[in-house]
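# Observations on the three-dimensional arrangement
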Amino acid sequence: MGGSRYGSRCLIQIAAKSLNVPVELLSFPLPENFAAISPLKLVPVLEVDGNYLLESQVICEYLEDLGKGPSLRPEDPYDCAKMRLLIRLFELYYDPHVLKIYHLIMSQQMSQQGPTTITAIMEDVKSALNLIATYLDDQQYAVGNTLSLADCALMPPFFQMTMLCSILGIDDPIAGQKTISGYFEKTRRDPHVAQVLTDMEPYLRKLFSGDIHASK
Ligand SMILES: N[C@@H](CCC(=O)N[C@@H](CS)C(=O)NCC(=O)O)C(=O)O
């Protein structure tokens, strides 16, 4: 799905490793028969010899295990664990809150209860960002000075949040958290990250328009 924060995780990795993986971007809503490929009816999915792998992080780890291109897993075991911790903190404590905002937008309920509900959810989002910030290195990337799977996981959703807030005209929690905003600005300069974020933009603009304008 174009603009997907989870699909884009794999796209940054594929670009950074120069992998020859044909990519098909699906549009939203996903086709009915997609359930035959993924019982979760979620993207991304990776086809491997006629089988289908689900879950972006499982796909990323599989692509790393193939051993092609530069490794996006830090060599040092502690750094590698920190990379995995950042990804888990994002998935368990940040994204479920953000998902509530997206459901609100998609369910066309923005004009009735949107602004109040979003303000409440943003408090949880801010707490999750503080938690993630505790484990971010103060270097160019999330862990040290090279791109890792943590950056592939964090940058697309952070970008999605900044776009959402700019379209809604509300305070951006990414910009409001010093460590996170410093990380975001540094890491978005990576050419592979920059390209994927640029590609996400038109899809996100389309996705977040409509209902959002109706609520103003
Ligand atoms: N845990 C899954 C989450 C994937 C996910 O939420 N994908 C969204 C796009 S970002 C999706 O396919 N949504 C389709 C829908 O809601 O119909 C992963 O890591 O792959």
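What you are looking at is a predicted structure, and each value in this text was computed from that prediction instead of being measured. (Residues numbered from 1 in each chain as written. Predicted model: local features only at pLDDT ≥ 70, side-chain atom pairs only at ≥ 80, totals over all residues. Heavy atoms only, no water.)

### Points about the overall build of the chain
The cut-off we apply is this: Helix numbers and strand numbers start at the N terminus; a helix is a DSSP run of H or I with at least 4 residues, a strand a run of E with at least 2. Only C-alpha atoms enter the radius of gyration; for comparison, a globular chain is expected to reach 2.2 Å times N to the power 0.38, where N is the number of residues. We call a residue buried when its accessible area falls under 20% of the maximum for its residue type, exposed when it is over 50%, and partly exposed in between, using a 1.4 Å probe and counting protein chains only. Contacts are assigned to residue pairs with any non-hydrogen atoms lying within 4.5 Å of each other. In these tables, accessible area is a Shrake-Rupley quantity obtained with a 1.4 Å probe, and a residue counts as shielded only by the protein chains included in the view. Under this rule, positive means Lys or Arg and negative means Asp or Glu; His and the chain ends count for nothing. By convention, charge coordinates are those of NZ in Lys, CZ in Arg, CG in Asp, or CD in Glu.
Check the secondary structure of the chain and you find 9 helices and 2 strands. Helices and strands appear in the chain in the N-to-C order α-β-β-α-α-α-α-α-α-α-α. In summary, the chain has a C-alpha radius of gyration of 17 Å against a globular reference of 17 Å for 216 residues, a match within 12%. A total of 216 residues make up the chain; the buried ones form 47% of that total. Expressed as a percentage of contacts within the chain between residues at least 6 apart in sequence, the contacts between residues at least 24 apart total 69%. Entry remark: accessible area of the chain is about 11100 Å², with carbon and sulfur atoms responsible for 53%. Side chains of the chain give 18 positive and 25 negative charges; the mean places of these two sets differ by 3 Å.

### Things to note about the packing of aromatic side chains
To keep things clear, this is the line we draw: Note on aromatic pairs: the rings of Phe, Tyr and Trp (six-membered ring only in Trp) are paired at centre separations within 6.5 Å, and the planes decide the class, stacked below 30 degrees, edge-to-face beyond 60, tilted for the rest.
Enumeration over the complete set of coordinates arrives at 5 aromatic pairs. When the centroid spacing of 5.5 Å and the interplanar angle of 35 degrees are considered together, the rings of F90 and Y94 count as tilted. One end of the pair, F90, and the other, Y94, are both in helix α3 (residues 77-106), 4 residues apart, so they sit about a helical turn from each other. Residue F90 is classed as buried on the basis of its relative accessible area, which comes to 1%. The exposure class assigned to Y94 is buried, which follows from its relative accessible area of 1%. Residues Y94 and F158 carry aromatic rings whose centres are separated by 5.7 Å and whose planes lie at 70 degrees to one another, so their mutual orientation is edge-to-face. Here Y94, found in helix α3, pairs with F158, found in helix α5 (residues 149-168); they are 64 residues apart in sequence, far enough to count as distant. Comparing Y94 with F158 shows no difference in burial state: the two are buried. Three or more aromatic residues link up through ring pairs in this structure, and these residues are Y6, F90, Y94, F158 and Y183.

### Some remarks on the pattern of salt bridges
Keep this limit in mind: Here, a salt bridge means any Lys or Arg side-chain nitrogen found within 4 Å of an Asp or Glu carboxyl oxygen.
Scanning all chains against the criterion turns up 12 salt bridges. Close ionic contact of E201 with R205 constitutes a salt bridge, the shortest N to O distance being 3.0 Å. On the criterion of helical spacing, the pair formed by E201 and R205 is a turn pair, its members being 4 residues apart in helix α8 (residues 191-208). The partly exposed category is assigned to E201, whose relative accessible area is 29%. Judged by its relative accessible area of 41%, R205 falls in the partly exposed class. Shared partners join several salt bridges into a network, and the residues in it are E61, D65, R73 and R84.

### Describing the site of the ligand
Rules: Throughout, the term near means that a residue has one or more heavy atoms lying within 4 Å of the molecule or strand in question. We call two N or O atoms a polar contact when they sit within 3.5 Å, provided that within protein one can donate a hydrogen and the other can accept it, with sequence-adjacent residues counted only if both atoms are side-chain atoms. Residue polarity is assigned by list, with Asp, Glu, Lys and Arg as charged and Ala, Val, Leu, Ile, Met, Phe, Trp, Tyr, Cys and Pro as nonpolar; anything else, Gly included, falls into the polar class.
Around the ligand sit M1, S4, R5, Y6, F28, L30, K41, L42, V43, P44, E55 and S56, and those are all the residues in its vicinity. Note that an oxygen atom of the ligand is positioned 2.8 Å from one of the backbone N or O atoms of V43. Side-chain polar atom of S56 to an oxygen atom of the ligand: 2.7 Å apart, as the coordinates give it. Within the complex, the protein chains bury 77% of what would otherwise be the 520 Å² of accessible surface of the ligand. Residues belonging to the shell around the ligand are distributed by class as follows: 7 nonpolar, 2 polar and 3 charged.

### Remarks on the packing of α5 against helix α7 (residues 178-187)
Counted only if it meets this: To obtain each axis, a line is fitted to C-alpha atoms, and for helices this fit is confined to the stretch in contact; angles are then taken between N-to-C directions over 0 to 180 degrees. Small angles under 35 degrees read as roughly parallel and large ones over 145 as roughly antiparallel, with 65 to 115 read as roughly perpendicular and the rest as oblique.
Interhelical geometry of α5 versus α7 gives an angle of 105 degrees and a closest axis separation of 11 Å. The angle between α5 and α7 falls in the class roughly perpendicular. Together, A150, D151, L154, M155, F158, F159 and T162 of α5 and I180, Y183, F184 and T187 of α7 make up the contact between the two elements. Looking at the contact of α5 with α7 residue by residue, the classes come out as 8 nonpolar, 2 polar and 1 charged.

### Re the packing of α3 against α5
The angle between the axes and the distance between the axes are what describe a pair of packed helices. The condition is simple: Here is the rule for handedness: rotate from the far helix to the near one, and if that takes an anticlockwise turn smaller than a right angle the crossing is left-handed, while a clockwise turn gives right-handed.
Between α3 and α5, the shortest axis-to-axis distance is 10 Å and the interhelical angle comes to 25 degrees. In terms of their interaxial angle, α3 and α5 are classed as roughly parallel. Considering how the two elements wind past one another, α3 and α5 form a crossing that is left-handed. Of α5, the residues touching α3 (which contributes M83, L86, I87, F90, Y94, V98, I101, Y102 and I105) are L149, A150, A153, L154, P157, F158, Q160, M161 and L164. Looking at the contact of α3 with α5, its residues break down into 17 nonpolar, 1 polar and no charged.

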